[in-house]
Amino acid sequence: MTLYAALFYSLAAATLICTLVAVTRRVLVHAVVWMVGSLLGTALIFLLLGAPLLAGFEVIIYAGAIMVLFLFAIMLMAQEPNEPKEVRAMVRRRLFASMFWPTVWGLAGIVACMALISFDPANTTPLTAGRVSPRALGAWVFGNAWPAVEAVSLLLFAALAGARYLGLPLVHSDRPEKIGESLDMDQPPCAVNPEDER
Amino acid sequence: MIVPLEHVLLFAAALFFIGLITVVARRNLIMILLGVEVMLNAAGVVFVAAALRWWDIAGQGMVLFIMGVAAAEIAVGLTLVFRVWRRTRSLNPDSLKTLED
């Protein structure tokens, strides 16, 4: 086993374990932090497979920007329920019951993939080590795939406009019913009930 | 020489199925979005491995576009989740059944 192979297998195992831990956490912040570990592992695998620019982008965009966006969303929304022990045991039992069939299906899918991907060692195609320089990748993207670059930039603008529109204050009929009791982030408290001002 | 292509594909398949199970089984909108991220990531691994296998730079270019799509998807997705939360005060997708009640 060469050094490359040893590195790949250990990185793949670390990435899979991090992802598995991340998707089973109940505290959302823990899930995001484990997910950052998984993304860093993927970035190192990209580096190993000869994509240094993509490895950098994986760290900058995924582990940096997107996960921080998740953290902001969790800080805005999630309230950790402070539940008693019996409730937690019940939740765990229900979680096990609801995870059982998806896990079976997932394992079946992986086994099917193993069967589809021929596992005969004589038939495997070894990858030769290579490296694409950031300059070559940039030249290819802007030289050959510029319509796709334009499409992605249009998509990002549409996402920006869509997020801005969806983040606008809710119209009146859209509000939760008990306005006085719930925390309403759109309106200052004095504007919640116009009757009080008269 | 590094690992066979099949092993990379197997790793990516396992990653993809973890994401798929997360999307199907978790009852939390933020975790569902996280599962979608895992699946997109697995697709990126396959593209990079294929770029190395066929010695074609297009696979790596495609991963760049996947990253752009993922960023847009997560921005809109989290805003939608935030809107759902503002309306129902809950991150459970089962809370979105006002038509049923």
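Please refer to the structure higher up on the page.
Residues numbered from 1 in each chain as written. Chains lettered and ligands numbered in written order. Predicted model: local features only at pLDDT ≥ 70, side-chain atom pairs only at ≥ 80, totals over all residues. Heavy atoms only, no water.

Colleague: I'd like a rundown of the pattern of salt bridges, residues and numbers included.
Modeller: Opposite charge on two side chains makes pairing possible when the charged atoms of those side chains draw close. Residue and element names in this part refer to chain B. All chains considered together, the criterion is met by 1 salt bridge over all chains. For the salt bridge of Arg 27 with Asp 94, the shortest nitrogen-to-oxygen distance reads 4.0 Å. Pair noted here: Arg 27 is in the loop between helix H1 (5–25) and helix H2 (29–53) and Asp 94 is in the segment after helix H3 (58–88), with a separation of 67 residues, a long-range link. The partly exposed category is assigned to Asp 94, whose relative accessible area is 44%. (Salt bridge = Lys/Arg side-chain N within 4 Å of Asp/Glu carboxyl O. Helix = DSSP H or I, 4+ residues; strand = E, 2+ residues; numbered from the N terminus. Buried < 20%, exposed > 50% of the residue type's maximum accessible area, 1.4 Å probe, protein only.)

Colleague: Pulling in residues and values, what's your account of the nonpolar core?
Modeller: Counting 63 residues, the largest nonpolar core has Leu49(A) and Phe70(A) as the members making the most contacts within it. Within the residue set of this core, elements represented by two or more residues are helix H1 (3–24), helix H2 (28–48), helix H3 (52–77), helix H5 (134–144) and helix H6 (146–166) of chain A together with H1, H2 and H3 of chain B. A total of 12 residues in this core trace back to one element, the largest contributor, which is H3(B). Formed jointly, this core draws a minimum of three residues from each of two domains, domain 1 (1–79) and domain 2 (133–164) of chain A. With sequence-adjacent residues up to four places away left out, Phe70(A) is seen in contact with Val32(A), Ile30(B), Leu33(B), Leu34(B), Glu37(B), Ile74(B) and Leu78(B). (Core = buried A, V, L, I, M, F, W, Y, C linked by side-chain atoms within 4.5 Å. Domains from an automatic or database assignment. Contact = heavy atoms within 4.5 Å.)

Colleague: Could you give me a rundown of the packing of H2(B) against H3(B), with the residues and numbers involved?
Modeller: Residue and element names in this part refer to chain B. Contact pair H2 / H3: the axes reach a minimum separation of 9 Å and the direction vectors enclose 175°. Classified by the angle between their axes, H2 and H3 sit roughly antiparallel to one another. Counting all contacts with H2, which are made through Leu 29, Ile 30, Leu 33, Val 36, Glu 37, Leu 40, Ala 43, Gly 44, Phe 47, Val 48 and Ala 51, the residues of H3 involved are Gly 59, Gln 60, Met 62, Val 63, Ile 66, Ala 70, Glu 73, Ile 74, Gly 77, Leu 78, Val 81 and Val 84. Looking at side-chain class alone, the contact of H2 with H3 contains 17 nonpolar, 4 polar and 2 charged residues. (Axes fitted to C-alpha atoms, helices over the stretch in contact; angles between N-to-C directions. Parallel < 35°, antiparallel > 145°, perpendicular 65-115°, else oblique. Nonpolar A, V, L, I, M, F, W, Y, C, P; charged D, E, K, R; others polar.)

Colleague: How would you sum up H6(A)? Please name residues and give values.
Modeller: Between the first and last C-alpha of H6(A) there are 30 Å, a value that for 21 residues agrees with the 30 Å anticipated at 1.5 Å per step. Looking at H6(A), one finds that the buried residues are Val149(A), Val152(A), Ala159(A), Ala163(A) and Leu166(A). Down the axis of H6(A), the buried side of the element spans an arc of 125°, and every buried residue falls inside it. Across H6(A) from its buried face, at more than 90 degrees, point the exposed residues Trp146(A), Leu154(A), Phe157(A), Arg164(A) and Tyr165(A). Of the surrounding elements, those touching the buried residues of H6(A) are H5 of chain A together with H3 of chain B. (Expected span 1.5 Å × (residues − 1). Arc of directions from axis to C-beta.)

Colleague: I'd like a rundown of unusual backbone geometry, residues and numbers included.
Modeller: Residue and element names in this part refer to chain B. Phi at Trp 55 takes a positive value of approximately 55°, unusual for a residue other than glycine. The residue Trp 55 is located in the loop between H2 and H3 in this model. Positive phi, normally seen in glycine, also occurs at Arg 89, with a value near 55°. Mapped onto the elements of the fold, Arg 89 is located in the segment after H3.

Colleague: Describe the interface of chain B and chain A, and please don't skip the residues or the numbers.
Modeller: Of the residues lining the interface, 65 residues belong to chain B; the matching set on chain A comes to 86 residues. Interface area, chain B with chain A, both sides summed: about 7000 Å², of which 78% is carbon and sulfur. The largest contributions to the chain B side of the interface with chain A come from Ile2(B), Met67(B) and Arg86(B), which together make up 10% of the buried area. Our count for the contact surface shared by chain B and chain A stands at 0 salt bridges. Scanning the region where chain B abuts chain A turns up 10 residue pairs in polar contact (both at pLDDT 80 or more). Those elements that provide at least two residues to the side of chain B that touches chain A are H1, H2 and H3 of chain B. By residue class, the composition of the side of chain B that touches chain A is 48 nonpolar, 9 polar and 8 charged. (Buried area = accessible area lost by both parts, 1.4 Å probe. Polar contact = N/O pair within 3.5 Å; in protein donor to acceptor, adjacent residues only side chain to side chain.)

Colleague: Talk me through the layout of surface pockets; I want residue IDs and the actual numbers.
Modeller: In this structure, the second largest pocket spans a volume of roughly 370 Å³. Considering the residues around the second largest pocket, the lining is formed by 16 residues, among which Leu20(A), Thr24(A), Met99(A), Thr103(A) and Ile21(B) are closest to the centre. Elements with a contribution of two residues or more to the lining of the second largest pocket: H1 and helix H4 (85–116) of chain A together with H1 of chain B. Among the elements that take part in the lining of the second largest pocket, H4(A) stands out by supplying 7 residues, more than any other. (1 Å grid on protein atoms, 1.4 Å probe; cavity = no way out; pocket = protein on both sides within 12 Å on 5 of 7 lines; lining within 4 Å. Points joined across faces, edges and corners; volume = space filled by probe spheres on them.)

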